[in-house]
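# A closer look at the structure
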Amino acid sequence: MSKILITLNVNGRSHEIACEPNTLLLDCLRQDLGLTGSKRACDDSSCGACTVQIDGVPMLSCALLAVSCQGQRITTIEGVAEHGSLSALQKAYSDWGGSQCGYCTPGFMMTVNALLSETPDPTDEQIGAALSSNLCRCTGYVQMIQAIKAAIRAEQEGRAAKRT
Amino acid sequence: MSDFSVIGKRTAMVDSSGKATGLGKYTDDFSVPGMLIGKILHSPYPHARIKKIDASRALALDGVVAVVTGSDAPNKYGILPVGHDETALAVEKVRYVGDNVACVAAISESIAEKALELIDVEYEPMQAYFDPEDSMKATTDLIHPEKPGNVEKDYHHVFGDPDQGFAESDVVIEGRYIANEVTHAAMEPHCTLASFEIDSITGHPGRLTVWSSTQVPYYLQHKLSIVLDMPMSQIRVIKPLVGGGFGAKSEIIPLEIIAAVAARKAQAPVKITYTREEVFWAHRGRPRTIVDLKTGVKKDGSIRAVAARVVQDGGAYCSYGVVTILYSGALLGALYDIPNIRYDGYRVLTNKPACGAMRGHGTVNVRFAFESQLDEAAARIGMDPAAIRNRNLLKPPCLTVNNLRVRSYGLPECIEKVVTGSRWAERKGKLPRGRGLGIACSHYVSGAANSIIRSDMPHSTVNIKVDRDGGVVIYTGASDIGQGSDTMVAQVAAEVLGCSMARIRVIAADTDLTPVDIGSYSSRVTFMNGNATLRAAQAAKKLIAEAVAKRMNCSPEDLIFSGDKVWKKGAAEESAVAAVAAPTVSGHVDGQILRGSVQQKRKDEGVKERMSFEEAVVTAMDIQGTLTGVGSYAPPPDARGGKHKGGGVGPSPAYSYSAQVADVSVDEETGEVTVHKIWAAHDCGRALNPVAVEGQVIGSVWMGLGQALQEEMVWKHGLLMNPSLLEYRSASGVESPDIECYIVESIDPEGPFGAKEASEGSLAAAIPAVANAIFDAVGIRLRESPFTPERVLAALRSKKAGAKKLQLTRNFDPENPGSFREHGGSLCFKGKGPVRHALDPAMVRPGTTADSAEEMGGAD
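An account of the accompanying structure is given in this report.

Criteria and thresholds
- Residues numbered from 1 in each chain as written.
- Chains lettered and ligands numbered in written order.
- Predicted model: local features only at pLDDT ≥ 70, side-chain atom pairs only at ≥ 80, totals over all residues.
- Pairing = 2+ DSSP bridges.
- Helix = DSSP H or I, 4+ residues; strand = E, 2+ residues; numbered from the N terminus.
- Axes fitted to C-alpha atoms, helices over the stretch in contact; angles between N-to-C directions.
- Contact = placed C-beta atoms within 7 Å.
- Parallel < 35°, antiparallel > 145°, perpendicular 65-115°, else oblique.
- Buried ≥ 20, exposed ≤ 12 C-beta atoms within 10 Å, placed from the backbone.
- Nonpolar A, V, L, I, M, F, W, Y, C, P; charged D, E, K, R; others polar.
- Core = buried A, V, L, I, M, F, W, Y, C linked by C-beta atoms within 7 Å.
- Expected span 1.5 Å × (residues − 1).

Turning next to the sheet that holds strand S27 (residues 673-683) of chain B. All names here are of chain B. The four strands lie next to each other as S18-S26-S27-S30, forming an open sheet whose pairing is mixed. The open sheet has two free edges, formed respectively by strand S18 (435-445) and strand S30 (738-744), since each of these has just one partner strand. Going across the sheet, the axis of each strand differs from the next one's by a mean of 15°, ignoring polarity. Across seven bridges, the pairing between S27 and S30 is parallel. When the sheet's bridge partners are listed, Ile 678 is paired in S30 with Ile 739.

Structure below.
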């Protein structure tokens, strides 16, 4: 299949990429742009490790064609840190054991990040519903939920998430 | 107040920011110039001779660089020295659906995939065996000709006098328990990148570098050396971040060797990443297990004897099988005081993917049977299930009847914590029908006292380098797979040296840089590598202390190292004040490597009473030249177990303990079991990092709940029916209950700062805790896991007079399981199903008949 030239806006920067029309966004990000934070884990769009945000909406980059994302704002895990430091959510994940092996973490970050920008003070049910799109095999989700709640508190109090 | 300044504190993992930002690199995130992609051709037959492989059409495809087959690397290997029965790619025959036949190295994944279809393989199907009890009767078409009756290994142990023990028991209970097969399904699929470099002296390909998602880089180096006929010193194995292991990466997975073989033939770097389906085929998970268990108790609740006959469906290769079957017997001991034990274990070969080590290796399925039967025994003698467990506690320090040494034993406190936390006394037996509480206990080793490859070598070694800048670099072979070993070694070294975590840098699991550690498995890392780190840090501290003592005119023992400071005992209060007043007393000396020493001398003429860590380091370097510390750990001889055959597996320098209470409800209409909450107490010795301990305990319980409720590998004629995360039904956050973790600290006399295992011991108790809670809720005793709605409903219906029996598959009775069934009895396939492909093993297997309607689906 011959390649075509596309332009993708990723984390606020425009990239011209030559790729085959059937290239998945995930492969394009990982192989062409070297943004390896988004992970491939399940091959059947069930685990959420490849989640990115398209115009702020969490979507599975393994189920999108790169060509179809032109003209949209793509945010990957590499675009989440704030001012060169960890965002409150990222810091809370570190402090509360939200990630262990960390392979699912970027996907969860993109999902939860989108939840919190839509719903800054979600209920337990809303957090649960959001998390159901992603799988983790290490944590049993308990510490992850603690981390998310700590991050919400920290944001509300305008401080960095800190375990007291 | 804690006497420690670093350990015991909730500490973020040292690598957590890389994980939270996506900048941390896992194996699949690496690529090197000229790298090819490898794809593996798998067998469609469960058991077949390979008559011919013709790769000429594949090689002719543009973009294909090399095709490798079994003859390119025929040397046999296996993780156990007694189990060298694998080859990288099949030689002569294939032994399971998914066995590795050939590998294509091509310039892109899509070309490699296309090339796989162009490899012509001619097979001659053979009789295949899927049921371990059938397989044991085999006389022809043996899976490995040197294993008669397809029995990989059997062990028969008698400790004490079981016959006498049963004779003096008031109640003897017997039953068959079946635990179906589960797999690790770590989020990161296996991946290996192999690259040769050209030797400058000879001008020929020389050293091999392998990046791999492995828990055991040094074993990988060893096996690569065997298969490739290369000296180990010419092979470098690097373990980047690993996305979960749970045992799946604790042995050599074929792709790790295949990538190297392909790289050699293609004369270019090759990366192979498994698809999720291939991960399921690679498997090495927990085998389907039949446990025929007999327990004798007296009326006072004391256990007099236990007899277990265990048959494990090991799959087509030995893998860790010999160890698994031994653990199943050995770890009947060391939890409770059982004076008489009989154990008969059979590890059986079948034509399915090999089973291996999975979290809670060997103990889990037997523990499910034992803790369920103990619950039955308690009910028969009218004793509270928590009380019967308290009745049978060990009295450490002691040796169990099968020669396991127990020194620290937090089980009583674990039971107390969960009984209190769950309000057991108030609620047990008083909940409405459909809701119940169940209790169970478990334990695990803190590393095996005897390594796989028998030798007198230490199991862990660590080097520490302290430099003029006051930085501390730890070189450790420990493999962090997400459990936090890098953080653990940093904490231990910081605690000993009295410095802050910020000074510490951990270089881990790179066979060129780091000294040997045998790997991350059997929960050995904190205990063994932690001890080696402790000793290395103490050695470095000794050098610093000797030099500083000279300067301070005191003996090294009078020095205190803490909070990035060193001071003379007695000067403590004063320095604490001074530290607040002048926090940067070393000021610009920090990090000024060249002028530091000179300035230091000028500034600090005369006797001092306190110094910053940098000053202390510079002082020591002026005298010592270099500052390094080395440490190693080998388990002591008295912890290495008995002399009986197979006695080497099971002994550990220390055991962790766990007790759990499950609160469940059972929907009698749908058969659905909902776990509301688990209270889990785990005795991990000293908790070096409580946030990591809780994470490991909760994660273990959660994984146990998966096996208890829904996870199961479903087979049909050797073909895995559910090779994906969705069909395997890994629980999401919505289906996962709250798990409350209590840390119990029985300080172990030998662990680093008293620490023991935390990552595996809690898994096993979750399954029987749920089973016992289901019994409490609705009065059915499920003896086959997982407790899926189908099984629960079938058991409920069989109890109900006049109700239509639920016949999902032939002879289905989850309260009294007979043998394994195709489908596992869980998934219900009605009707004829889809049209089968001509190569489907069900179509070509000799003697296969169409399934009867009864077998195919429910009559409900």
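From this point, the narrative continues.
Turning next to the sheet that holds strand S9 (residues 191-198) of chain B. Residues and elements named next belong to chain B. Read from one edge of the open sheet, seven strands run S3-S5-S1-S12-S9-S10-S11, paired in mixed fashion. For this open sheet the edge positions go to strand S3 (64-69) and strand S11 (235-238), each flanked by a neighbour on one side alone. Neighbour to neighbour, the strand axes of the sheet diverge by 20° on average, direction disregarded. Note: strand S1 (residues 36-42) against strand S12 (residues 270-273), two bridges, orientation parallel. Its bridge partner being in S12, Ile 37 is matched across the sheet by Lys 271. Docked against the sheet, helix H3 (residues 109-116) engages S1, S3 and strand S5 (100-106), running at close to 25° with respect to S1. Packing of helix H7 (residues 254-266) onto the sheet brings it into contact with S1, S3, S5, S9, strand S10 (205-212) and S12, and relative to S9 it is tilted by some 35°.

Residue and element names in this part refer to chain B. The N-to-C vectors of helix H15 (residues 525-552) and helix H18 (residues 613-624) enclose an angle of 95°; their axes lie 8 Å apart at closest approach. On the basis of their axis angle, the class for H15 and H18 is roughly perpendicular. Of H18, the residues touching H15 (which contributes Leu 543, Ile 544, Ala 547, Val 548 and Arg 551) are Ala 616, Val 617, Thr 619, Ala 620, Ile 623 and Gln 624.

Quick look at the pairing of S3 of chain B now. Residues and elements named next belong to chain B. Most of S3 sits out of view: six of its six residues are buried. Bridge count between S3 and S5: five bridges; the pairing is antiparallel. In the sheet register, Ala 66 faces S5, and the bridge partner there is Ala 105.

To continue, consider the interface of chain B and chain A. At the interface, 47 residues of chain B touch 41 residues of chain A. Mapped by element, the contributors of at least two residues to the side of chain B that touches chain A are helix H1 (16-21), helix H8 (276-282), helix H19 (690-709), helix H20 (725-728) and S30 of chain B. Here the residues of the side of chain B that touches chain A are counted per class, giving 21 nonpolar, 17 polar and nine charged.

Glancing now at the environment of Asn 529 of chain B. All names here are of chain B. Structurally, Asn 529 is set in helix H15. Judged by local crowding, Asn 529 falls into the buried class, with 32 C-beta atoms found within 10 Å. For Asn 529 and Ala 771, which are 242 residues apart along the polypeptide, the C-alpha to C-alpha distance reads 36 Å. Leave out the neighbours within four places in its chain, and Asn 529 touches Ser 460, Val 462, Thr 476, Ala 478, Ser 485, Val 489 and Asp 517.

Residues and elements named next belong to chain B. Core analysis: the largest hydrophobic core is formed by 325 residues, its most contacted members being Ile 258, Ala 262, Ala 493, Val 770 and Ile 774. Take this core: its biggest share by element is 14 residues, from H15. Those residues in contact with Val 770 that lie beyond four places of it in its chain are Gly 438, Ala 662, Val 664, Val 675, Leu 705, Ala 708, Leu 709 and Phe 787.

Attention shifts here to helix H21 (residues 763-778) of chain B. Residue and element names in this part refer to chain B. With 16 residues, H21 should reach 22 Å at 1.5 Å per residue; the first-to-last C-alpha distance of 24 Å fits that figure. Within H21, 16 of the 16 residues are buried, which leaves it mostly tucked inside the rest of the structure. Immediately downstream of H21, the backbone of Gly 779 shows phi near 75°, a positive value.

Remember that the coordinates give geometry; whether it matters functionally is a separate question.
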